[in-house]
Amino acid sequence: MSLPGASGGQPGSQRGADESSTHTEPARAYAELVAGNRRFVSGSPRHPNQDAGHRAAVADGQHPFAVIVGCSDSRLAAEIIFDRGLGDLFVVRTAGHTTGPEVLGSVEYAVTVLGTPLVVVLGHDSCGAVQAAREVTATGVAPAGHLGAVVDAVLPSLRRAAAEGVDDIDGIVDIHIAQTVETLLGQSSVLADEVARGRCAVVGVSYRLAAGVVRPVAAVPAGVATLDVPDGSAAAAA
């Protein structure tokens, strides 16, 4: 499997061809996303793979190098904040990046059929789904319609935050992102097996709406992404 910019053909095209080298692919995929986010934050995006020629090139097949399980928030467009293009990212979005059978099936399809080496849970500060769940907890009034299903999916994260003494909204968001990472691995034996074999990794990141910076908060295995923000970085200054 090759990532954008690497030799060896289309990303994902060599799944299983060289089992001894696949453990490096998740880290390389994550580094590719970080590089794109840095370009976006600095105002110097390259807009790769968005031209007519690439559109034609990927028409017959896709080999995304990352799955993004993201919040549906309109300000969280993955291809923009990671500066990627057509065929690069397999994106699954729900309010509050909540998971269900359809989300799990979509992730498993990308990881096992398309050979995608990285799953990213993409949350953000001031998440409306988390705020809605906090309001339900405080008032005891359930939301109308199917919004209740979203709130119910977020409530375990609120209980976990309360047990850990975390009360601020963005601290709860971080816990909810980590909880989603654990939920994906706990509910999908297919994904957990791919991670155990070193062929895939799951990373949870939080996006700052104003600054545009993505910050990692959870990773399985832990070594695939540094969880420390370097001093002087855009994230540290945000």
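Our subject in this report is the structure included herewith. Counting starts from 1 at the beginning of each chain's written sequence and moves along it residue by residue. Whole-chain, interface and lining totals are the exception, using all residues; otherwise, since this is a predicted model, local features are given only for residues with pLDDT of at least 70 and side-chain atom pairs are given and counted only at 80 or more. Where side-chain values are given, they derive from all heavy atoms of the structure, hydrogens and water being excluded.

1. Brief notes about the pairing of strand β5 (residues 214-220)
Two strands pair if DSSP finds at least two bridges between them. Strands are runs of DSSP state E lasting at least 2 residues, helices are runs of H or I lasting at least 4, and numbering of each runs from the N terminus. Two elements, strand β4 (residues 201-207) and β5, share six bridges in a ladder whose sense is antiparallel. Paired with Tyr 207 across the two strands is Val 214, which belongs to β5. As consecutive antiparallel partners, β4 and β5 are separated by six residues, and within that stretch Gly 212 has a phi angle of approximately 80°, a positive value.

2. Section: the nonpolar core
Grouped burial of nonpolar side chains is what soluble globular proteins tend to show. For our purposes a nonpolar core is just a set of buried Ala, Val, Leu, Ile, Met, Phe, Trp, Tyr and Cys residues, chained together by side-chain atoms within 4.5 Å. The buried label goes to any residue with under 20% of its type's maximum accessible area, the exposed label to any with over 50%, and the partly exposed label to all in between, with areas taken from a 1.4 Å probe on protein chains only. Residues Leu 33, Ile 68, Phe 82, Leu 118, Val 119 and Leu 191 are the most contacted members of the largest nonpolar core, which totals 60 residues. Ranked by residue count, the leading element in this core is helix α7 (residues 169-187), at nine residues. Contacts are residue-level and defined by heavy atoms, with any inter-residue pair within 4.5 Å sufficient. Leaving out residues up to four positions away in the same chain, Phe 82 has contacts with Leu 33, Gly 36, Asn 37, Arg 39, Ile 68, Leu 89, Leu 122 and Val 214.

3. A short note on the packing of helix α5 (residues 128-139) against helix α6 (residues 147-163)
Axes here mean lines fitted to C-alpha atoms, for a helix over just the part in contact, with angles spanning 0 to 180 degrees between N-to-C directions. At a minimum axis distance of 9 Å, the contact between α5 and α6 shows a crossing angle of 80°. One finds that α5 runs roughly perpendicular with respect to α6. Every residue of α6 that contacts α5 at Ala 129, Val 130, Ala 132, Ala 133, Arg 134, Val 136 and Thr 137 is listed here: Val 150, Val 151, Val 154, Leu 155 and Leu 158. Only Asp, Glu, Lys and Arg are considered charged in this grouping, and only Ala, Val, Leu, Ile, Met, Phe, Trp, Tyr, Cys and Pro are considered nonpolar; every other residue, Gly among them, is considered polar. The residue inventory of the contact of α5 with α6, partitioned by class, reads 10 nonpolar, one polar and one charged. Each angle gets one of four labels, with under 35 degrees taken as roughly parallel, over 145 as roughly antiparallel, 65 to 115 as roughly perpendicular, and the rest as oblique.

4. Description of the packing of aromatic side chains
Two aromatic rings, drawn from Phe, Tyr or Trp (for Trp, its six-membered ring), form a pair once their centres lie within 6.5 Å of each other, and the interplanar angle then sorts them: stacked below 30 degrees, edge-to-face above 60, tilted otherwise. Tallied over the full model, the rule gives one aromatic pair. Considering the side-chain rings of Phe 90 and Tyr 109, the 6.0 Å spacing of their centres and the 40° angle between planes classify their relative orientation as tilted. Note that Phe 90 is positioned in strand β2 (residues 89-94) and Tyr 109 in helix α4 (residues 101-113), a separation of 19 residues in sequence.

5. Considering the side chain of Arg 199
Assignment of secondary structure puts Arg 199 in the loop between α8 (189-196) and β4. Pairs of N or O atoms are called polar contacts if they sit within 3.5 Å, as long as, within protein, a hydrogen donor faces a hydrogen acceptor (for residues adjacent in sequence, only side-chain-to-side-chain pairs). At 2.7 Å, the side chain of Arg 199 and the side chain of Glu 194 are in polar contact.

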